[in-house]
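Take a look at the letters that make up each chain.
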Amino acid sequence: MPAVLSESAAHAARDVRVLVGRLRRRLRETYGHLDLTPSQTSALSRIGREGPLSASDLAAAERVRPQSIAATLAVLEERGLTERRPDPGDGRRRLLTLTPAGTALLEDGRRAGEEWLARALQERLTEAERRTVVEAMALLDRVTEP
């Protein structure tokens, strides 16, 4: 029988979910200079985090049809951000990897997002409030532990 959730746990979960979603959207806005669609940015980021990946593995991870990922990959390859290399374990398969340009683009985007967030934290919060944020992040990190 599932445990009954306290009102405070349910309220905290809802607030964290909403805030994380809002924060993700704001951080994505800092990627605007990348001139990529959200799907392209997501695929590029996943290849950077998890690659090398096959196109079918990427489609499954992104929860899109293979035809959709093919269109996304065509743009990324055309822009020189990804490339396909033979799979060392199976010469019939091709694996997607980031090019140096793709890696640099992702790093620039992440840096821009972190700079925006650091600036916002500095301008809108006091030193004590920023320490509270750091403490709250440590608590949320505990929640994600297995």
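Scroll up to find the structure.
These numbers come from a predicted model, not from an experiment.

About the cut-offs
- Residues numbered from 1 in each chain as written.
- Predicted model: local features only at pLDDT ≥ 70, side-chain atom pairs only at ≥ 80, totals over all residues.
- Heavy atoms only, no water.
- Core = buried A, V, L, I, M, F, W, Y, C linked by side-chain atoms within 4.5 Å.
- Buried < 20%, exposed > 50% of the residue type's maximum accessible area, 1.4 Å probe, protein only.
- Helix = DSSP H or I, 4+ residues; strand = E, 2+ residues; numbered from the N terminus.
- Contact = heavy atoms within 4.5 Å.
- Patch = residues over 30% accessible without salt bridge, like charges linked within 9 Å, V, L, I, M, F, W, Y side chains within 5 Å.
- Areas by Shrake-Rupley, 256 points an atom, 1.4 Å probe, with all protein chains shown as cover.
- Salt bridge = Lys/Arg side-chain N within 4 Å of Asp/Glu carboxyl O.
- Lys, Arg positive; Asp, Glu negative; His and termini not counted.
- Charge placed at Lys NZ, Arg CZ, Asp CG, Glu CD.
- Pairing = 2+ DSSP bridges.
- Axes fitted to C-alpha atoms, helices over the stretch in contact; angles between N-to-C directions.
- Parallel < 35°, antiparallel > 145°, perpendicular 65-115°, else oblique.
- Nonpolar A, V, L, I, M, F, W, Y, C, P; charged D, E, K, R; others polar.
- Expected span 1.5 Å × (residues − 1).
- Arc of directions from axis to C-beta.

Draft legend 1. Seen up close, the nonpolar core. In this structure, Leu-44, Leu-58, Leu-73 and Leu-76 are the most contacted members of the largest nonpolar core, which totals 15 residues. Put simply, the parts of the chain that give this core at least two residues each are α2 (38-50), α3 (55-62), α4 (66-78), β2 (90-98) and α5 (100-124). With near-sequence residues (within four places) excluded, Leu-76 lies in contact with Leu-36, Gln-40, Ala-43, Leu-44, Leu-81 and Thr-82.

Draft legend 2. Broad picture of a positive patch on the surface. Together, Arg-22, Arg-24, Arg-25 and Arg-28 make up a region of like positive charge exposed at the surface. Here Arg-28 lies in helix α1 (residues 7-30).

Draft legend 3. Here's a closer look at the pairing of β2. Inspection of the sheet shows strand β1 (residues 82-87) paired to β2 by six bridges, in the antiparallel sense. From the neighbouring strand, Pro-86 faces β2, where its bridge partner is Arg-94. Between β1 and β2, which pair antiparallel in sequence order, lie two residues.

Draft legend 4. Quick peek at the packing of α2 against α4. At a minimum axis separation of 10 Å, α2 and α4 run at an interaxial angle of 80°. Between α2 and α4, the angle is such that the two are roughly perpendicular. Here Ser-39, Gln-40, Ala-43, Leu-44 and Ile-47 of α2 lie close against α4, whose contacting residues are Ile-69, Thr-72, Leu-73, Val-75 and Leu-76. Along the lines of polarity and charge, the residues of the contact of α2 with α4 split into seven nonpolar, three polar and no charged.

Draft legend 5. α4, seen in detail. Look at α4: 18 Å from first C-alpha to last across 13 residues, which is about the 18 Å you get at 1.5 Å a residue. Residues Ile-69, Thr-72, Leu-73 and Leu-76 constitute the buried set of α4. Axial view of α4: buried residues confined to an arc of 100°, hence all on one face. Opposite the packed face of α4, turned more than 90 degrees from it, sit the exposed residues Gln-67 and Glu-78. Where α4 is buried, its residues meet α2, α3, β1 and β2. Looking one or two places after α4, you find Gly-80, whose phi comes out positive at around 75°.

Draft legend 6. Structural context of the environment of Arg-63. Considering the arrangement of structural elements, one finds Arg-63 in the loop between α3 and α4. Of the residues examined, Arg-63 reaches a relative accessible area of 79% and is grouped as exposed.

Draft legend 7. Representation of the pattern of salt bridges in the model. Counted by the stated rule, this structure contains 11 salt bridges. For the salt bridge of Arg-84 with Glu-77, the shortest nitrogen-to-oxygen distance reads 3.0 Å. The partner of Asp-87 in a salt bridge is Arg-93, and the shortest N-O contact between them spans 3.1 Å. Its relative accessible area of 14% is what places Asp-87 among the buried residues. Taken together, the shared-partner salt bridges in this structure form one network comprising Arg-46, Glu-50 and Glu-62.

Draft legend 8. Geometry of α2. Here α2 is 13 residues long and its end C-alpha atoms lie 18 Å apart, about the 18 Å a rise of 1.5 Å per residue gives. Within the span of α2, buried status applies to Gln-40, Thr-41, Ala-43, Leu-44, Ser-45, Arg-46 and Ile-47. Of the surrounding secondary structure, the elements contacted by the buried residues of α2 are α3, α4, β1, β2 and α5.

Draft legend 9. Spatial organisation of the side chain of Gln-40. Looking at the secondary structure, you find Gln-40 in helix α2. The residues contacting Gln-40, other than those within four sequence positions of it, are Thr-72, Val-75 and Leu-76.

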